[in-house]
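Here is how the chains run, residue by residue.
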Amino acid sequence: MKTKEIHISDYTYDLPDERIAKFPMAERDHSKLLLYRKGEVGEDVFYNLPQYLPEGALMVMNNTRVIQARLHFRKETGALIEIFLLEPAMPRDYEQMFQQTSRCQWLCLVGNQKKWIARHTSTPGAKKEVALTREISIKGTKITVTATHKGEVGTSQLIELEWTGNASFAEVIDVMGELPIPPYLNRETQESDKTTYQTVYSKIKGSVAAPTAGLHFTERVLSDIDARGIEREEVTLHVGAGTFRPVKSETIGDHPMHTEYIAVHRHTIERLLAHNGEAIAVGTTSVRTLESLYYMGLKVLQNPDIAEEQLHVNQWEPYDVQRSTFNGDGSICDSAAFTVEPSPCAALQALLDWMLRNELTVLHSSTQIIIAPGYDYKIVKMLITNFHQPQSTLLLLVSAFVHGDWHKIYDYALAHDFRFLSYGDSSLLIP
């Protein structure tokens, strides 16, 4: 069966609510660790993870940090309006966004939108813009924050935020925002979530959901990994709300993947090349970043003068490439004679050379890659990940990685009291 024809109903399992971990373990690294190695399933405790990893390997983890993306305002009528920050609109760069000191624009979801944006009765379809304001205090200074609806962009709302007091936007949302824990936890955000829903190595603000495979790591586990001579590199992929978007179409071909923004340092690509283009990925976000690098490298092989914004990986691009044939230099050709698909190292080297030519120390790009059965993994050789929702694209990613053997893994986890989803237990998958 072709990947686009996969029925999402074939990737379901019974997940009772009591198996969803509503809170994390008291000690992060005391979670259970399922071990899937070459078809065999067992278990251990997460703090023993390093002993199952090959010495001298390369581990790649996502250092994104979850922002307090839920902003609440009240109208004069008392109606509560929630503005959920999705991605920057102006400026588009995440780092610049959080340094703004007076105004910015975001693409958002708006809760109770109909009560915020009233329609003129005299002009059909016209909207009456009403600014929302809220007073907060930052370091003893009173600040007024104003939100204005500027229109629709696709399925999102464009919201302009302005504030007095010369504080940075990072300071503003740290004071007035709420951490957006996953909806399936069915509870309010608690003060403890501000710590437990961040990885110990989180650095770069921008996500509205945590890369949860990394939540199990502690400084002790990281030290043990270092002691085994395992190198660690960090990439940044800002997780959007689309990560929770259910697959509503009958087949995967009709499911639109959301765009995710990534940043990869040049030295990370150099380390990947030093490890023969192979890595252990911590979490599905690291997987999507690493695998996207391969297809970005192919774009450079086909067009050495490509612009950075053209490196975006479209949803079905990897599957289109896999049906193509290549010349020895990596360019796609029509003839099957003397063809070879570029190796991961060839693609990564092309990307590295391109960065050097363009004097870039960090690659900023985006990806919509969907990884599902039929996908051929290029860079990721081992995967550390949590247990994912039924009928989700993340379950498809896992199935592709273990060559369809996901039932064995999930049946074992359900039968042996593993905890599921964001605050749940972990697994190490070695096909």
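Residue positions are counted from 1 within each chain, in the order its sequence is given. Only residues with pLDDT of at least 70 get local features here, since the model is predicted, and only at 80 or more are side-chain atom pairs given and counted; chain-wide, interface and lining totals rely on the full set of residues. Side-chain numbers here rest on the full set of heavy atoms in the structure, without hydrogens or water.

Residues methionine 90 and proline 91 are joined by a peptide bond in cis, for which omega reads -5°. Within the secondary structure layout, proline 91 lies in the loop between strand 6 (80-90) and helix 1 (94-97). One non-glycine residue, histidine 403, lies in the positive phi region at around 55°. Per the convention used, a helix needs a DSSP run of H or I reaching at least four residues, while a strand needs a run of E reaching at least two, with both numbered from the N terminus. Within the secondary structure, histidine 403 is located in the loop between helix 10 (393-401) and helix 11 (406-415). Throughout, exposure labels follow a simple rule: accessible area from a 1.4 Å probe, protein chains only, divided by the maximum for the residue type, with under 20% read as buried, over 50% as exposed, and the rest as partly exposed. Using a relative accessible area of 68% as the deciding quantity, one classes histidine 403 as exposed. Residues other than glycine seldom take positive phi values, yet leucine 421 does so here, at roughly 70°. One can find leucine 421 in the loop between helix 11 and strand 22 (426-430). Judged by its relative accessible area of 4%, leucine 421 falls in the buried class.

The computed volume of the largest pocket comes to approximately 720 Å³. Put simply, the grid is 1 Å and covers the protein atoms alone, a cavity is a trapped set of points that fit a 1.4 Å probe, a pocket is an open set with protein on both sides within 12 Å along at least five of seven lines, and lining residues have an atom within 4 Å of a point. For the largest pocket, the lining is made up of 29 residues, of which Asp93, Tyr94, His238, Ala263 and His364 are closest to its centre. Among the elements that make up the lining of the largest pocket, the one with the highest residue count is strand 15 (residues 231-238) (five residues). Partitioning the lining of the largest pocket into residue classes produces nine nonpolar, ten polar and ten charged. Grid points are joined across faces, edges and corners, and a volume is the space filled by probe spheres set on the points. In this count, Pro and Cys sit with the nonpolar residues alongside Ala, Val, Leu, Ile, Met, Phe, Trp and Tyr, while Asp, Glu, Lys and Arg are called charged and the others, Gly among them, polar.

Right, let's get into the packing of aromatic side chains. How two aromatic rings sit relative to each other is set out by the distance from centre to centre and by the angle between their planes. For this analysis, a ring pair means two rings from Phe, Tyr or Trp (six-membered ring only for Trp) whose centres lie within 6.5 Å, classed as stacked if their planes differ by under 30 degrees, edge-to-face if by over 60, and tilted for the remaining angles. Applying the stated rule across the entire model yields 24 aromatic pairs. With 5.1 Å between their ring centres and 80° between their planes, phenylalanine 46 and phenylalanine 217 make a pair best called edge-to-face. With phenylalanine 46 in the loop between strand 2 (40-45) and strand 3 (58-62) and phenylalanine 217 in the loop between strand 14 (204-207) and helix 5 (219-227), this pair connects stretches of sequence that are 171 residues apart. Accessibility expressed as a relative area gives 0% for phenylalanine 46, which makes it buried.

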